Amino acid sequence: MKLLRRKEGPSLDSRLAALLEAAELGEGRVSEQAVAGARAVAERAGVRRELSIDHTVAALAGATGSGKSSLYNALAGHDLADVGVTRPTTSTAQAALWDGEGAGPLLDWLDVPRRHSAADDPGLSGLVLLDLPDHDSIRLSHRLEVDRLVEQVDLLVWVADPQKYADAALHERYLRPLAGHRDVMVVVLNQVDRLPADAVDRCLGDLRRLLDDDGLPGIPVLAVSARTGRGLDELRALLGERVSERKSWSARLGADITAAAEHLATAGPAQPVDGDRSPQAVDGSSSGGGKRLGGAERALTGALCAAAGVPMVVEAVAKGHRHRAVVATGWPVTRWVRRFRPDPLRRLRLGGLPAVGRAARSGEGRADREIVGRTSVPAASAVQRAQVETAVRDVGEVAADGMPGAWAAAVRQAARSRAPELADAVDRAVATTSAVGTRRPRWWRAVNVVQWAVFAAMLAGALWLGVLFGMDYLRLPQPPLPTAGVVPWPTVLLVGGVLAGVLIALLSRLAAWAGGRRRARRTGRALRASIGRVGEELVLEPVEAELDTYARFKEAVDLARA
Ligand SMILES: Nc1nc2c(ncn2[C@@H]2O[C@H](COP(=O)(O)OP(=O)(O)OP(=O)(O)O)[C@@H](O)[C@H]2O)c(=O)[nH]1
Ligand SMILES: [Mg+2]
């Protein structure tokens, strides 16, 4: 009872749903064969549940001549099957039914048209016994029929004989792969009447050892003889017990689901992977840690920044700021010279583009995109491109660390999946972010007004002095000359205007130099942040989506194989 309770896990329904979900999530990632296998199991389970669950289908399987048909006849109480001397004898399966009413659709599904009623035995009511052809047949059709039915029946009775019980065909092709189906398999050693009494136990012990090696410890093993009837009561009792429990069908499906989930968990990648990493099972604990991923992410941002020419852009932001400051606040007499020099930022087709501000303000996405199109920042060098590639690969590598082979490959692939978009996206980020670096500080306008006022004063002084000079030249009487202290006002205006203009220009230049540095630093930070976001969107997010898919896959697989 205790044992039963311990085994109670999630329902067959939820395990089936989980298996299907795992197959869905694994599609294109783990081997197609494992995905198809899981789907086939789910489909088979769905059909079997719809058919009679009051009947238990048991199949007698084994090598030719082991005595399957003889046992079948002995259990059924009639000579239903041919027992032959020439091998192999049985070529298609046939069924013996104990109270077989309602088992028709089940046998249709199993595609076993030959059906017989067995002799009455209330203990076996509900049993459908199949006599299969030989699994080691020289005829392919026999082997195919066996393989098909071994997959479908509820209970497998492996019939061995003293000569061939150790055959590799039985152990390697069937018993070992079906180790998870221990609860729905029985082994009988037939023809024990042909052994001396003391050899039976030896033979049984040997067979048990082989079964232990197959991963089937504790599986029921009976010594029987179809000829003398020895052990047949025990076999009947065992079959009767399984039939009355009516659980073999669900135990079989449960074992199938576990095996399919196991197969999904350990399946190789859907596509051959580059490199020679050995695949690991799903339960290999993943150590792809957040901390190390953070390091790889920083390295990626660094590589992207270098490839995007961030140092050059930052430099251009500082220089461009100073350039525009001189044009806006320089001494009006000389500032026009500056206009002939190109704006370093505009030279990179960054920020300084006149329409950027407008487009950004009016919020016209299209215009924005068009104008903030391609910058003229020189393209990344081959080395820089290679460094980006390495950084992208490293993100995938770190994230995939410790994951099973197929999923590690999927994660690595996810990291690279959007890499071709990186160059354009980073360029766009540079164009948009550096545009902010061109805003004009308000003091420029104020200083400009003062500069022109001082320039006007200087001009007035010059004009005044010019008039005085002209009047003196023409020997006209001098008008009274106001003075500031001892210096006449026009001189104060002219000289003061020149000195003030130049001084203001120099001070502004000093402020613009500091402002340029500050702005460059700020733009550098903003660029790193926006380029970081590009890396996050195009590299990190696909990786995280894949990790998330894997987490869901693992959860589904764990639930399915419960
Ligand atoms: N001594 C002895 N002979 C048996 C026993 N069971 C079957 N035989 C003989 O073994 C031979 C093969 O028996 P079958 O029942 O035809 O064997 P099978 O496993 O159905 O063989 P295939 O149909 O070819 O796969 C026959 O000659 C049987 O008489 C047994 O318990 N003791
Ligand atoms: Mg036979």
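You'll find the structure just up there.
About the thresholds
- Residues numbered from 1 in each chain as written.
- Chains lettered and ligands numbered in written order.
- Predicted model: local features only at pLDDT ≥ 70, side-chain atom pairs only at ≥ 80, totals over all residues.
- Heavy atoms only, no water.
- Pairing = 2+ DSSP bridges.
- Helix = DSSP H or I, 4+ residues; strand = E, 2+ residues; numbered from the N terminus.
- Axes fitted to C-alpha atoms, helices over the stretch in contact; angles between N-to-C directions.
- Donors = N, O, S within 2.8 Å, 3.2 Å for Na, K, Ca; no water.
- Near = heavy atom within 4 Å.
- Polar contact = N/O pair within 3.5 Å; in protein donor to acceptor, adjacent residues only side chain to side chain.
- Parallel < 35°, antiparallel > 145°, perpendicular 65-115°, else oblique.
- Left-handed = near helix turned anticlockwise from the far one by under 90°.
- Contact = heavy atoms within 4.5 Å.
- Nonpolar A, V, L, I, M, F, W, Y, C, P; charged D, E, K, R; others polar.
- Buried < 20%, exposed > 50% of the residue type's maximum accessible area, 1.4 Å probe, protein only.
- Core = buried A, V, L, I, M, F, W, Y, C linked by side-chain atoms within 4.5 Å.

Q: I would appreciate a short explanation of the sheet that holds strand β7 (residues 221-223) in the present structure.
A: Strand pairing within a sheet occurs via backbone hydrogen bonds; the two strands may be parallel or antiparallel. As summarised here, the arrangement of the seven strands in space is β3-β2-β4-β1-β5-β6-β7, forming an open sheet in which the pairing is mixed. Two strands lie at the open edges of the sheet, namely β3 (115-117) and β7, each paired on one side alone. Between one strand axis and the next, the sheet turns by 25° as a mean value, whatever way the strands run. Pairing between strand β2 (residues 94-97) and β3: three bridges, direction parallel. By the bridge assignment, Ala-96 is partnered in β3 with His-116.

Q: So what exactly am I meant to see when it comes to the coordination of the magnesium ion (ligand 2) here?
A: Think of it this way: four donors in a tetrahedron around the metal ideally sit 109.5 degrees apart, and six in an octahedron ideally sit 90 or 180 degrees apart. All of the protein donors around the magnesium ion (ligand 2) are Ser-69 (OG) and Thr-90 (OG1); their distances to the metal are 2.0 Å. You can see Ser-69 sitting in helix α4 (residues 68-76) and its partner Thr-90 sitting in the loop between α4 and β2, a full 21 residues away along the chain.

Q: Would you take a moment to explain the site of ligand 1 for this structure?
A: Taken together, 22 residues form the shell around ligand 1, and within it Thr-64, Lys-68, Ser-70, Thr-89 and Asp-193 come nearest. Here an oxygen atom of ligand 1 sits 3.4 Å away from a polar atom, N or O, in the main chain of Gln-191. The contact in question runs from an oxygen atom of ligand 1 to an N or O atom on the side chain of Arg-227, over 3.1 Å.

Q: Just to check I follow, could you spell out the packing of helix α17 (residues 382-400) against helix α18 (residues 405-417) for this structure?
A: The packing of two helices is summarised by the inter-axis angle and the distance between the axes. Contact geometry of α17 with α18 gives a least axis separation of 8 Å together with a crossing angle of 150°. On the basis of the axis angle, α17 is roughly antiparallel to α18. The two elements α17 and α18 cross, and the hand of that crossing is right-handed. Contacts between α17 and α18 involve Val-392, Arg-393, Gly-396, Glu-397, Ala-399 and Ala-400 on the former and, on the latter, Ala-408, Val-411, Arg-412, Ala-415 and Arg-416. For the contact of α17 with α18, a count of residues per class yields six nonpolar, one polar and four charged.

Q: Is there a simple way to think about the side chain of Ser-248 in this case?
A: Position of Ser-248 relative to the elements: it lies in helix α10 (residues 248-266). A relative accessible area of 4% places Ser-248 in the buried class. In this structure, Ser-248 is in contact with Thr-56, Asp-154, Leu-155, Val-184 and Arg-242, ignoring residues within four places of it in sequence.

Q: Help me understand the environment of Ala-380, please; the structure alone is not making it clear to me.
A: Within the fold, Ala-380 resides in the loop between α16 (365-371) and α17. Separated by 43 residues in sequence, Ala-380 and Ala-423 have C-alpha atoms that sit 8.8 Å apart. In this structure, Ala-380 is in contact with Ala-307 and Arg-385, ignoring residues within four places of it in sequence.

Q: I'm lost on the environment of Glu-27 in this one. Help?
A: Mapped onto the secondary structure, Glu-27 falls in the loop between α2 (12-26) and α3 (32-50). A C-alpha to C-alpha distance of 50 Å links Glu-27 and Thr-438, two positions 411 residues apart in sequence. Excluding anything up to four places from it in sequence, Glu-27 contacts Val-35 and Arg-39.

Q: Looking at this model, I keep getting lost on the nonpolar core. Mind explaining?
A: For soluble globular proteins, nonpolar side chains are generally found buried alongside one another. Residues Leu-19, Leu-264 and Phe-553 are the most contacted members of the largest nonpolar core, which totals 73 residues. No other element matches the 13 residues that helix α21 (residues 489-560) contributes to this core. Core analysis: the second largest hydrophobic core is formed by 42 residues, Val-57, Ala-103, Ala-160 and Ala-223 among them.

Q: Teacher, can you tell me more about the packing of α10 against α21 here?
A: Interhelical geometry of α10 versus α21 gives an angle of 150° and a closest axis separation of 8 Å. Judged by the inter-axis angle, α10 sits roughly antiparallel to α21. The two elements α10 and α21 cross, and the hand of that crossing is left-handed. Here Ile-257, Thr-258, Ala-261, Leu-264 and Ala-265 of α10 lie close against α21, whose contacting residues are Phe-553, Val-557 and Ala-560.

Interpretation in functional terms is not warranted from these geometric data alone.
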